[in-house]
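Here's the letter readout for the chains.
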Amino acid sequence: MTGLDGTKPDGFKPDVPAPDEITGPWWDATREHRLVLQTCPSCAGGDQPAAQHPPRALCIRCGSAELGWADAAGTGVVDACTVVHRAPRPDLAVPYVIARVRLDEGVVLLTRLQDREPGEWRIGDPVRVAWADLDDGRALPVFVPGAAPSPATAPSPETKEGN
Amino acid sequence: MSTGVAIVGAAECDLGVTNRSILGLQAQAVSRALADAGLTLRDVDGIATTGVARFSATQLADYFGIEPRWTDSTYAGGSVYEMFVARAAQAIQAGQAETVVITFASNQRSARSRSLGGVVEDHTPEAQFETPYGPLFPLSYYAMAAQQYLHKYGKTREQLAEIAVAAREWALLNPAAFRYGKGPLTAADVLGAPMISSPLTALDSCLVTDGGGAVVLTSLERARDLRRTPVEVLGYGERTTNTSMTAVPDLTVTGAAGSGADAFARAGVTPADIDVVQVYDSFTITVALTLEGLGFCGEGEALDRIAGGRIRPGGDFPLNTSGGGLSYCHPGQFGILLLVEAVRQLRGEAGDRQVPGARLAVAHGTGGILSTHATVVLGVDG
């Protein structure tokens, strides 16, 4: 398993295509281990900025190209997850957990879950961001347990792997 | 209601492990479907296909030595053949083409061209934000949908496995099926198969085979002069929802709802009227989500609807009567073979697996990661 700080997952250092003019600021923030979200000032309202992911050249709500960036809290919950037992590439060691994490800001990220036995993750588990550093100075956000599971998110037997 | 367009020919190419080329298999499929219709390549003025090359329809037209008046090479994964039926019907109605061939073939098993990671172009957002983590494409997405589904509705993997078990029962009646003669499956077999991306095992997942097929469409008026019973295109609909694994808010709700509603409304029928159902079964979960989307049952009810042998041979809800992508054939894009089986059932040619008196059929394709959804309602005169 990975180190408890979540910063150096074993052997997980994939090749990631270079950013483009749209995604550059998002990746630049990862160099400082900051998780940012693209926001639309025109659509912002209420308690939260109107955030979207992945970054795009326009706002998918209003079409505006005048978009900004905001730091995400870096916390959320597991929306869905799956334990991968057959790697799609030789550089990946199985098993590992692929997940959709719903951030507190409402945005869903595809990511990995770490620092817990793969089969123990459940929908609704709270998570917080950690970072897998890449050789080029960028980093990939991964997620680790955010708090002890509350009774409301206790494991449900039907989603336990391998039963 | 009818679009005034009918399927007049249908055929498979060789299936399984063929050691043939893609174009060789395409030629088989098209030649056989045209022969079935009593037509020749000279009659064809419209071609719809994908998976041949970058210029798929163009390539195939050149290969067949024809200059079509209408082509379509829309790439939308395995559902596109149902989309092609809609577009071909419109082209024939509009007078742009008279005889359209829809076809697909793949040699993915012989050529070992299938990759668990799928194909993700470097310039897409997915290449930067999803592929690096190593999701199986498309399998891990369906796995997460299955996890959400079982969690949300309190269902079990055993209940889900019935979809694979029933598909095998049908395949045992279909001599063309990859698993023909391979014996029945049990839910325990499905659960005990190697886990690929939890909760889906190898037996929750479709085959990887060569294969393909073709269907021929023309006006209903012309169809009445041809040798086969015309299978009328009664309705169609489609939805396109996502390429990324994060766009859809609830993985248990798919575009099948919209595509099905459009198709049934156009046909003037309801799910209760349908005699035989062909639904894309890339994975067991695909079927459960699709049946709910199409309205064959309510949300969370699919695994009860299919239980108790109802979708097996002899059951009152005959589903995927070829054996499906799970036990018959899955050449990477299964949608063409959903149409072929629907046609055979409606023409009463399905042999041991014939659904008695089938007059109305649905074929529903799903492409990508529950990305594209297309429904076709087909019928023959009663």
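What about the overall build of chain B?
Along the backbone of chain B there are 14 helices and eleven strands. Against the 2.2 N^0.38 benchmark of 21 Å for 382 residues, chain B shows a C-alpha radius of gyration of 19 Å, consistent with a compact globule. Oriented by its inertia axes, the alpha-carbon framework of chain B measures out at about 55 × 50 × 40 Å. Taking all 382 residues of chain B together, the buried fraction comes to 63%. If you take every contact in chain B between residues at least 6 apart in sequence, the share linking residues at least 24 apart comes to 75%. For chain B, the computed accessible surface area is about 12800 Å², with 48% contributed by carbon and sulfur atoms. Charge separation in chain B, taken as the distance between the mean sites of 28 positive and 38 negative side-chain charges, equals 5 Å.

Structural notes on the overall build of chain A
The number of helices and strands found in chain A is one helix and eight strands. When the elements of chain A are put in sequence order from the N terminus, they spell out α-β-β-β-β-β-β-β-β. Residue pairs at least 24 apart in sequence account for 57% of intrachain contacts in chain A once pairs closer than 6 positions are excluded. When the accessible surface of chain A is summed, it comes to about 7300 Å², and 53% of that surface belongs to carbon and sulfur atoms.

Observations concerning the pairing of strand β4 (residues 75-84) of chain A
All names here are of chain A. Counting buried positions over the ten residues of β4 gives eight, a clear majority of the element. Examined bridge by bridge, β4 and strand β7 (residues 126-133) share three bridges and lie antiparallel to one another. Pairing of V77 across the sheet is with P126, part of β7.

Thoughts on helix α3 (residues 80-93) of chain B
Residues and elements named next belong to chain B. An ideal rise of 1.5 Å per residue puts 20 Å on 14 residues; α3 measures up with 19 Å between its terminal C-alpha atoms. By the burial criterion, the buried members of α3 are V80, Y81, E82, M83, F84, V85, A86, A88, A89, A91 and I92. At the exit of α3 stands G95, carrying a positive phi of roughly 80 degrees.

Let's talk about the sheet that holds strand β1 (residues 36-39) of chain A
Residue and element names in this part refer to chain A. Taking strand neighbours across the sheet as the criterion, the three strands line up as β2-β1-β3 in an open arrangement whose pairing is antiparallel. Among the strands making up the open sheet, the edge pair consists of β2 (51-52) and β3 (68-71). Direction of pairing for β1 relative to β3: antiparallel, over a ladder of four bridges. Residue pairing for β3: T39 is matched across the bridge by G68.

A closer look at the nonpolar core
Ranked by internal contacts, the top residues of the largest apolar core, which has 95 residues, are L113 of chain A together with I285 and V377 of chain B. The greatest single-element share of this core, amounting to nine residues, is contributed by helix α6 (residues 139-153) of chain B. Those residues in contact with L113 of chain A that lie beyond four places of it in its chain are V78, C81, V97, A99, V101, W121, V127 and F143 of chain A. A10, A91, L217 and A342 of chain B belong to the second-largest nonpolar core, a separate cluster that totals 50 residues.

Thoughts on the packing of aromatic side chains
As enumerated under the stated definition, the model contains 13 aromatic pairs over all chains in all. Judged by centre distance (6.2 Å) and plane angle (70 degrees), the ring pair of Y328 of chain B and F334 of chain B falls under edge-to-face. Counting every residue linked through ring pairs, the aromatic cluster contains W26 and W27 of chain A together with F129 of chain B. In this structure, R116 of chain A is placed above the aromatic ring of W121 of chain A, and the distance from its NZ or CZ to the ring centre is 4.3 Å.

Details of α6 of chain B
Because an α-helix completes one turn every 3.6 residues, residues spaced three or four positions apart along the sequence face the same direction. Residue and element names in this part refer to chain B. When the terminal C-alpha atoms of α6 are compared, their 21 Å separation across 15 residues agrees well with the 21 Å that a helix rising 1.5 Å per residue should span. Among the 15 residues that make up α6, twelve are buried, leaving the element largely enclosed by the rest of the structure. Listing the buried residues of α6 in full gives L139, S140, Y141, Y142, A143, M144, A145, A146, Q147, Q148, Y149 and L150. Of the residues flanking the end of α6, it is G154, one or two places downstream, whose phi is positive at about 65 degrees.

A few points about the interface of chain B and chain A
Residue-level contacts link 36 residues of chain B with 46 residues of chain A. Summed over both partners, the interface of chain B with chain A comes to about 3300 Å²; 59% of that surface belongs to carbon and sulfur atoms. When residues of chain B are sorted by the area they lose upon contact with chain A, Q128, F129 and Y133 of chain B head the list and together hold 25% of the total. Scanning the region where chain B abuts chain A turns up zero salt bridges. Across the chain B-chain A interface, the total number found is 17 residue pairs in polar contact (both at pLDDT 80 or more). Of all the secondary-structure elements, those providing two or more residues to the side of chain B that touches chain A are α5 (125-129), α6 and β5 (195-197) of chain B. Of the residues that constitute the side of chain B that touches chain A, the class distribution is 19 nonpolar, twelve polar and five charged.

A look at the sheet that holds strand β9 (residues 276-279) of chain B
Residues and elements named next belong to chain B. Pairing in this open sheet of nine strands is mixed, and the strands run β3-β2-β4-β7-β1-β8-β11-β10-β9 from one edge to the other. In the strand order of this sheet, the two ends are held by β3 (70-72) and β9, each with one partner. Strand-to-strand twist across the sheet, computed as the mean angle between neighbouring axes with direction ignored, equals 25 degrees. In this structure, strand β10 (residues 360-367) lies alongside strand β11 (residues 372-379), joined through eight bridges in antiparallel fashion. Its bridge partner lying in β11, L360 is registered against G379. The strands touched by helix α1 (residues 22-37) within the sheet are β1 (5-12), β2 (46-49), β4 (99-106) and β7 (211-219), with β1 carrying the most contacts at an inclination of about 130 degrees.

Focus: the confidence of the model for chain B
In the predicted model, chain B carries a mean pLDDT of 97, and 99% of its residues have values of at least 70. Complex prediction metrics read pTM 0.94 and ipTM 0.95.

Looking at unusual backbone geometry
Cis geometry marks the peptide bond from H53 of chain A to P54 of chain A, where omega comes out at 0 degrees. Here P54 of chain A shows up in the loop between β2 and β3. Going from S198 of chain B to P199 of chain B, the amide bond is cis rather than trans, its omega being 5 degrees. Mapped onto the elements of the fold, P199 of chain B is located in the loop between β5 and β6 (200-201). If you check the backbone angles, D115 of chain A has positive phi at about 65 degrees while not being a glycine. Mapped onto the fold, D115 of chain A is located in the loop between β6 (108-113) and β7. The class of D115 of chain A is buried, set by a relative accessible area of 19%. Of note, the phi angle at L370 of chain B is positive, near 50 degrees, even though the residue is not glycine. Mapped onto the elements of the fold, L370 of chain B is located in the loop between β10 and β11.

Reading guide: rules and limits
- Residues numbered from 1 in each chain as written.
- Chains lettered and ligands numbered in written order.
- Predicted model: local features only at pLDDT ≥ 70, side-chain atom pairs only at ≥ 80, totals over all residues.
- Heavy atoms only, no water.
- Helix = DSSP H or I, 4+ residues; strand = E, 2+ residues; numbered from the N terminus.
- Rg over C-alpha atoms; globule rule 2.2 N^0.38 Å.
- Buried < 20%, exposed > 50% of the residue type's maximum accessible area, 1.4 Å probe, protein only.
- Contact = heavy atoms within 4.5 Å.
- Areas by Shrake-Rupley, 256 points an atom, 1.4 Å probe, with all protein chains shown as cover.
- Lys, Arg positive; Asp, Glu negative; His and termini not counted.
- Charge placed at Lys NZ, Arg CZ, Asp CG, Glu CD.
- Pairing = 2+ DSSP bridges.
- Expected span 1.5 Å × (residues − 1).
- Core = buried A, V, L, I, M, F, W, Y, C linked by side-chain atoms within 4.5 Å.
- Phe/Tyr/Trp six-rings, centres within 6.5 Å; stacked < 30°, edge-to-face > 60°.
- Lys NZ or Arg CZ within 6 Å of the ring centre and 35° of its normal.
- Buried area = accessible area lost by both parts, 1.4 Å probe.
- Salt bridge = Lys/Arg side-chain N within 4 Å of Asp/Glu carboxyl O.
- Polar contact = N/O pair within 3.5 Å; in protein donor to acceptor, adjacent residues only side chain to side chain.
- Nonpolar A, V, L, I, M, F, W, Y, C, P; charged D, E, K, R; others polar.
- Axes fitted to C-alpha atoms, helices over the stretch in contact; angles between N-to-C directions.
- pLDDT = per-residue confidence, 0-100.

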